[in-house]
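Listed below, chain by chain, are the residues.
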Amino acid sequence: MTQLPAPAKTDVAIVLVAAGRGLRAGRDIPKQYVRLAGRPLLSHTLDSLSVLGASIQPIIADADALMFAQALAAASPAARQLCRAALPGGETRQASVRAGLRALAGLPPYIVLIHDGARCHPSPNLLRRAVDAARQHGAAIPGLMVTDTIKQVDASCQATATLDRALLRAVQTPQAFRFALIEAAHERAAADGLDDLPDDAAVLERMGVPVHVFEGDAGNMKVTRPEDFAMAEARLLLDLPEIRTGQGYDVHAFGPGDHVWLGGLKIPHGAALVGHSDADVLLHALTDALLGALADGDIGSHFPPSDPKWKGAASDQFLRHAVDLVTARGGMVAHLDGTLICEAPKIGPHREAMRARIAAICGLPLGRVAVKATTSEGLGFTGRREGIAAMALATIRLPAGA
Ligand code: MG
């Protein structure tokens, strides 16, 4: 896992609890790693949390380290910058939170938010309300008015009481606390042999510490049951209504050499492609297609050939940079479609590996990356085997007004 320095722009930190197995969600991997709108659910959570500019301490299951790394790679540059190295969780949620608080205790924040990874879409307003409420009250949790009538039942499902709705709240995360208060309470609960309290507020309630309930957010749903994935995805896409397409085109000439770089792969060939960088004509076209969709210049303006820094550079970083520009604007890459035009090398044997490589560079599922190839029937410069051309289309989704 990559550890980036966490910038201390604020006295707030976040413990992100993502060590659960999520069995009720009915998937073969933990629900926080299921892909929603093209990337792992947890990467959306990380992006949502990043608006506070607070460092984020993820707590994950040891067995999920690789999936976590993929989720982090798919998150926005801001979220990746704020994320501390993930730490292993404990047997229970409470033990996992305790591990997160201990990790922060060396340089304690004033306020800590504790958030469940499976709530992928906390709004900026909700996060700010949580911080403000914790500053004011010391301990604060988001709650929603209950609209259904709530019955208490016995073991045989006989209704035994009708509860007063006005006195009930459905509680969400992030729960927000003065760090010193919640850290001491968690240590005390552990020392008392309690390790499975239902939430962090309960850790304080048992000590008689008042916990303020502020207004939650109905959109801040927790993905729990199988049917929740579609609803969560619809909510995420609802916030990305602007669909744009960009095109890219690139050509590189053959020169002396024994391999070419195409689609991020080194392919043996009787010639090389000539260029300032590694001359990966397909990755260049895809990069330009993304920049075109963003209306943000072209590959030459982002990576000037006059800059010696890019001499011989691997082109995967150009493509990744363009993807990062999309996520930095709160958007997502919906689809990439590239076409290589050449007589040789033969692309067919490498096509699937190229798709996989491009998908890995961009943090996309394979189904959102297409690679095609054609010859020009012996016509023109590609037909004369003087070089390779590539064309690409990128489709992206952006927030309204982007
Ligand atoms: Mg080029």
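Up top is the structure these notes are about.
As a starting point, this report considers the structure included with it. These numbers come from a predicted model, not from an experiment.

Some words on the pairing of strand 15 (residues 265-268)
Moving on, step 1. Going residue by residue along strand 15, you find Leu265 and Ile267 tucked away on one face and Lys266 and Pro268 left uncovered on the opposite face.
Moving on, step 2. Where strand 14 (residues 259-262) meets strand 15, four bridges bridge the pair, whose relative direction is antiparallel. Residue pairing for strand 15: His259 is matched across the bridge by Pro268.
Moving on, step 3. If you look at the hairpin formed by strand 14 and strand 15, you'll find two residues sitting between the two strands, and Gly263 has a positive phi there, around 60°.

Looking at the sheet that holds strand 17 (residues 332-341)
Moving on, step 1. The five strands lie next to each other as 16-13-19-17-18, forming an open sheet whose pairing is mixed. Each edge of the open sheet carries a strand with a single partner, namely strand 16 (272-273) and strand 18 (369-374).
Moving on, step 2. Relative to strand 18, strand 17 runs parallel, the two being bridged by six bridges. The residue bridging Thr339 from the neighbouring strand is Lys372, located in strand 18.
Moving on, step 3. Set on the sheet, helix 9 (residues 281-294) makes contact with strand 13 (242-255), strand 16, strand 17, strand 18 and strand 19 (387-398); between it and strand 13 the angle comes to about 150°.

Thoughts on helix 12 (residues 351-362)
Moving on, step 1. In this model, helix 12 (12 residues) spans 17 Å end to end at C-alpha, consistent with the 16 Å of a helix rising 1.5 Å per residue.
Moving on, step 2. For helix 12, the set of buried residues is Met354, Arg355, Ile358, Ala359, Ile361 and Cys362. Taken down its axis, helix 12 places every buried residue within 160° of arc, on the same side.
Moving on, step 3. Of the surrounding secondary structure, the elements contacted by the buried residues of helix 12 are strand 14, strand 15, helix 9, helix 11 (316-328), strand 17 and strand 18.

As for the coordination of the magnesium ion
Moving on, step 1. The protein atoms that coordinate the magnesium ion are Asp250 (OD), His252 (NE2) and His284 (ND1), at distances spanning 2.1 to 2.3 Å.
Moving on, step 2. One chain supplies every donor to the magnesium ion, and in sequence these donors are spaced D-x1-H-x31-H. Remark: His284 occurs in helix 9 and Asp250 occurs in strand 13; sequence separation between them is 34 residues.

Cut-offs and rules
- Residues numbered from 1 in each chain as written.
- Predicted model: local features only at pLDDT ≥ 70, side-chain atom pairs only at ≥ 80, totals over all residues.
- Heavy atoms only, no water.
- Buried < 20%, exposed > 50% of the residue type's maximum accessible area, 1.4 Å probe, protein only.
- Helix = DSSP H or I, 4+ residues; strand = E, 2+ residues; numbered from the N terminus.
- Pairing = 2+ DSSP bridges.
- Contact = heavy atoms within 4.5 Å.
- Axes fitted to C-alpha atoms, helices over the stretch in contact; angles between N-to-C directions.
- Expected span 1.5 Å × (residues − 1).
- Arc of directions from axis to C-beta.
- Donors = N, O, S within 2.8 Å, 3.2 Å for Na, K, Ca; no water.

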